[in-house]
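Residue-level structural notes
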Amino acid sequence: MEQAEISRKVQARFGERIVSAGSFAGQHWVIVRPADLVEVLHFLRDDPELDMNLLTDVGGVDYQGFPDEPDWRFEIAYQLQSLKQNYRFRVKCAVTDDTVRVPSVWQSWRTANWMEREIFDQFGIGFDGHPNLRRILNHDDFEGHPLRKDYPINKRQKLARPAEHLLTDDPEWA
Amino acid sequence: MGLESRLESPFLTTTVDAVINWGRKYSLWPMPFGTACCAIEFMGVVSNRYDVSRFGAELVRFSPRQADLLLVMGTITQKMAPVLKQIYDQMPDPKWVVSMGACASSGGFYDNYSVVQGIDELIPVDVYVAGCPPRPENVIGAIVKIQEKISREKAADWR
């Protein structure tokens, strides 16, 4: 099945709840609101024809100051793949600002756990239902979210704490 | 010859500093702190083509407590900084530090929120090696520079 066909199928199933759909270089996507996100992703996973059992990546985008700035500030892109059918498809979630919380999908795809932590770390978007929403790449004393467009490019934040908490065997830090 | 020729049993006169420095400079034990591609280049330095054992520094120790030459090879992030500091603190005196490559020396092209802009913000550095990554000859050059530095030192300077 072509990606365009997958896109049409999702749009036919959800109708008005799809904010928009687009494509570039043969890759198609649909944009949904946070409230519809889990349902759309589960449809792609559970439909026997699509069977998107693998969540290859979750990434964030900050559109502040973008030439064609959309009505929302952030997007979270879910890259799905079906290992059986070898289909790929992208679902984007429109996040108006950082007060909006997005439902976590870690219970459906365990890989989402760390990817959502990364988005929380770099963009400051909260995920509802996440079991351990802490910073993952930056150190714990870091203030702000560095991949946001309004983060000062020259700002440096040093980790002044001793290294014990990084070297520990404590599973809390593992 | 001086004093030696006047005495029957064969011996040499020298200074304590000269003997200690001679021993130290030809038996450097490196601790490789490899965090990026410079560490791959270090494999070339150690293995047979460039063979750093010609300079007596081939006994790579992965415990800082057994090493006296810290080779920082690669990008040091702010999150890694306390680990590097701790490794340096764990090394017994006398100790020397080589900052290998652009990233360790200046942050390299990672002029961003997460990377330390040169390890001399954290620990004292004896020799900086230019390159991205440096060629093995450059690293051997740095070890020779360290040896020259050692031969100028006084044993009493290290506590």
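Placed above this text is the structure.
Residues numbered from 1 in each chain as written. Chains lettered and ligands numbered in written order. Predicted model: local features only at pLDDT ≥ 70, side-chain atom pairs only at ≥ 80, totals over all residues. Heavy atoms only, no water.

It is worth spelling out the overall build of chain A at this point. Helix and strand content of chain A: four helices and seven strands. Listed N to C, the secondary structure of chain A is α-β-β-α-β-β-β-β-α-β-α in terms of helices and strands. Principal-axis analysis of the C-alpha atoms gives chain A an extent of 55 × 40 × 25 Å. Relative to its full complement of 174 residues, chain A shows a buried share of 44%. For chain A, restricting intrachain contacts to residue pairs at least 6 apart in sequence, the fraction spanning at least 24 positions comes to 52%. Carbon and sulfur atoms form 48% of the exposed surface of chain A, whose accessible area is close to 9400 Å². Across chain A, the 22 positively charged side chains and the 29 negatively charged ones have centroids separated by 1 Å. (Helix = DSSP H or I, 4+ residues; strand = E, 2+ residues; numbered from the N terminus. Buried < 20%, exposed > 50% of the residue type's maximum accessible area, 1.4 Å probe, protein only. Contact = heavy atoms within 4.5 Å. Areas by Shrake-Rupley, 256 points an atom, 1.4 Å probe, with all protein chains shown as cover. Lys, Arg positive; Asp, Glu negative; His and termini not counted. Charge placed at Lys NZ, Arg CZ, Asp CG, Glu CD.)

We describe a pair of aromatic rings using the distance from one ring centre to the other and the angle between the two ring planes. Within this structure, the stated rule accounts for seven aromatic pairs over all chains. Judged by centre distance (6.4 Å) and plane angle (75 degrees), the rings of Tyr151 of chain A and Tyr113 of chain B are edge-to-face. Placement of the pair is Tyr151 of chain A in the loop between β7 (126-128) and α4 (164-167) and Tyr113 of chain B in the loop between α4 (101-106) and β4 (127-129), with the two residues belonging to separate chains. Residue Tyr151 of chain A shares its accessibility class with Tyr113 of chain B, and that shared class is buried. These aromatic residues form a ring-pair network of at least three members: Phe142 and Tyr151 of chain A together with Tyr113 of chain B. Over the face of the ring belonging to Phe14 of chain A we find Arg13 of chain A, whose NZ or CZ atom lies 4.7 Å from the ring centre. Above the ring of Trp29 of chain A, the side-chain terminus of Lys92 of chain A is found at 4.1 Å from the ring centroid. (Phe/Tyr/Trp six-rings, centres within 6.5 Å; stacked < 30°, edge-to-face > 60°. Lys NZ or Arg CZ within 6 Å of the ring centre and 35° of its normal.)

Turning next to the sheet that holds strand β3 (residues 54-62) of chain A. Residue and element names in this part refer to chain A. Here we have five strands laid out as an open sheet, ordered β1-β2-β5-β4-β3, and mixed in their pairing. Bordering the open sheet on either side are β1 (18-24) and β3, each of which pairs with just one other strand. Looking at each pair of strands side by side, their axes are set apart by 20 degrees on average, direction ignored. Bridging between strand β2 (residues 27-32) and strand β5 (residues 87-95) involves four bridges; their strand directions are parallel. (Pairing = 2+ DSSP bridges. Axes fitted to C-alpha atoms, helices over the stretch in contact; angles between N-to-C directions.)

Right, let's talk about the environment of Ala142 of chain B for a bit. Residues and elements named next belong to chain B. With respect to the secondary-structure elements, Ala142 resides in helix α5 (residues 136-151). Under the relative-accessibility criterion, Ala142 is labelled buried at 3%. Those residues in contact with Ala142 that sit more than four places away from it in its chain are Val98, Val127 and Val129.

Of the residues lining the interface, eleven residues belong to chain B; the matching set on chain A comes to 20 residues. The interface formed by chain B and chain A contains one salt bridge. Close ionic contact of Asp111 of chain B with Arg156 of chain A constitutes a salt bridge, the shortest N to O distance being 2.5 Å. Seen at the junction of chain B and chain A, the total is five residue pairs in polar contact (both at pLDDT 80 or more). Within the side of chain B that touches chain A, the residues separate by chemical class into three nonpolar, five polar and three charged. (Salt bridge = Lys/Arg side-chain N within 4 Å of Asp/Glu carboxyl O. Polar contact = N/O pair within 3.5 Å; in protein donor to acceptor, adjacent residues only side chain to side chain. Nonpolar A, V, L, I, M, F, W, Y, C, P; charged D, E, K, R; others polar.)

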